[in-house]
Amino acid sequence: MSIPQLLHAMCAELADADLNAIRKARGFSAKETASRSSFASFYVTSVGVAENMAALTPAEALTLRLLHETGEVDVSFFERLYRAGNQYGTFTQRYKPVFDEVKKNLVRRGLVLMAEVKMRGDTVQMERWRYALPPEFAPHLPSLPAIQNDAPGLENETTLRRKLLELVGGGPAIPNDPLPIHIKHGSLYLKDYPFSLATFQTWQLNAWQRALGAFNPNLPASLAPTHAALKLLDDKAWTSPKSLEPALAIYSFGGKTPPAEKLLKQGWELGLLSRLDIDHAPHYRFAPKHFTSGTNTPYPATLNWADTTSKPSAVKIDLRLIPLHDLDLLNTLTHLAVENGVLLTSPSLIKLGRAAPAQRRAPLSRWLAEHIPAFGQALKTVDAKWGQTLLHENLLIARVRDLSLRVQLERELGQRLVVLGDHYIAFPHEARSSVEKVLKKTGFVIKTVKS
């Protein structure tokens, strides 16, 4: 049932005592609650919402915040907030105490929707109740306590730099890393995934989770502590471990959670968070530095992470200093290789041809064109042919000199086949099995040539 359907079902079926309690708590007039159908429209207005939100306990406010992010739930969701009854009793015996508290403290305050839904099979009424927070109330939810401070804080690049230095022979950044970094066909990869800001952040998040151990509560809406921190932390305000601790108890209910200080410190060591000591206590927020796409400001004449080599077409990259967004763009525009323990970048016509115009005109691209003649020439070549040449991926080329065979292939593949000349055709890689089927059926021998 959608939240609007839940709202209308509740307003239609609400007992008079509950309706009167909501009217009093929210400050509605008797006229506004006289009609059940019109009451649904008044219910989602802002009348009385902020005042009732402010009266919630911190745990109740955090639970409603998680409820907003989760959507429709059953009564078991609120076990993280209110103590359940007999763990070995029936569903009703276990959750009747929770149901009573939710109804008294949240539903009758006019903050949480509650309605009975139809379910297949043999169920008791307690199982059929559904709850949700109207999205209109979300802006009034109290935020996690945090401190506004313009200080940049301290970032920790040690682990992420060690990860990059694995490329040139450095030791592992973390134990048992499932996403090794390597170069394949001139491009940087994390295991099977092309390197980018997004994939590198995925590596950091995985490393954060692995460092804290497995989290398997098997409960709806319960998040791993790292995922909870991602939802609760800010990129501008600073949060203390003490403020995060009760939030973890709600968001990660049912599983073993690490101390908030350990969780946040680990995120800082992996480069995901910045740290600032306020009143002699550590506070954390997201580290924004590495996960930006850069700016359009021209680069200076010299870059501390780039240096020329004996090869006129290659630039040496210092993995200890290069910003991640620049490494991401280099991976998009250039050919990368490791020689004698050094990462080298050189122009690639293929990559430049695939890149978007904005990427080819980025400040880094302009800097390479100005300082590396070979890159400048490659960029001019691509710009001159842009829009005149189509590049295709995952195509196979076949030489077919028998006219009758080519006719049969054209019939089999239809529009998936393109004739390139008198003796050559092209077709997508996924059509290979269809081509081989025709060749075997007609008795022709398949000869494969690899580059």
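Trainee: How would you sum up the overall build of the protein? Please name residues and give values.
Mentor: Scanning the protein for helices and strands turns up 19 helices and 16 strands. Expected size for 451 residues packed as a compact globule is a radius of gyration near 22 Å; at 31 Å, the protein overshoots this value by more than 25%. Projected onto the principal axes, the alpha-carbon positions of the protein cover approximately 85 × 65 × 45 Å. In the protein, buried positions account for 43% of the 451 residues. Long-range pairs, those at least 24 residues apart, make up 60% of the contacts in the protein between residues at least 6 apart in sequence. Total accessible area on the protein stands at roughly 24,600 Å², and carbon and sulfur atoms take up 52% of it. For the protein, the centre of its 54 positive side-chain charges and the centre of its 43 negative side-chain charges are spaced 5 Å apart.

Trainee: Let's hear about unusual backbone geometry: which residues, and what values?
Mentor: In this model, Asn-176 sits at a positive phi of 50°, which is unusual for a non-glycine residue. Judged by its relative accessible area of 66%, Asn-176 is exposed.

Trainee: Quick rundown of the nonpolar core? Include the residues and the values.
Mentor: Met-53, Leu-64, Phe-78, Leu-106, Tyr-131 and Leu-244 are the most contacted members of the largest nonpolar core, which has 105 residues in total. Counting 12 residues, the second-largest nonpolar core is a separate cluster that includes Leu-417, Phe-427, Ala-431 and Val-438.

Trainee: Tell me what's going on with the pattern of salt bridges, and back it up with residues and numbers.
Mentor: This model, assessed by the stated rule, comprises 20 salt bridges. For Lys-104, the salt bridge goes to Glu-101, with nearest N and O atoms at 3.8 Å. Within this pair, Lys-104 and its partner Glu-101 are both found in helix H6 (residues 91-107), separated by three residues, close to a single helical turn. One salt bridge in this structure joins Glu-436 and Arg-432, with 2.9 Å as the shortest N-O distance. One end of the pair is Glu-436 and the other is Arg-432, both in helix H19 (residues 432-442) and four residues apart, which spans about a single turn. Under the relative-accessibility criterion, Arg-432 is labelled partly exposed at 33%. Linked through salt bridges whose partners overlap, the residues forming this network are Asp-18, Lys-103 and Arg-108.

Basis of the calculations
- Residues numbered from 1 in each chain as written.
- Predicted model: local features only at pLDDT ≥ 70, side-chain atom pairs only at ≥ 80, totals over all residues.
- Heavy atoms only, no water.
- Helix = DSSP H or I, 4+ residues; strand = E, 2+ residues; numbered from the N terminus.
- Rg over C-alpha atoms; globule rule 2.2 N^0.38 Å.
- Buried < 20%, exposed > 50% of the residue type's maximum accessible area, 1.4 Å probe, protein only.
- Contact = heavy atoms within 4.5 Å.
- Areas by Shrake-Rupley, 256 points an atom, 1.4 Å probe, with all protein chains shown as cover.
- Lys, Arg positive; Asp, Glu negative; His and termini not counted.
- Charge placed at Lys NZ, Arg CZ, Asp CG, Glu CD.
- Core = buried A, V, L, I, M, F, W, Y, C linked by side-chain atoms within 4.5 Å.
- Salt bridge = Lys/Arg side-chain N within 4 Å of Asp/Glu carboxyl O.

That is the geometry; function is a separate question.
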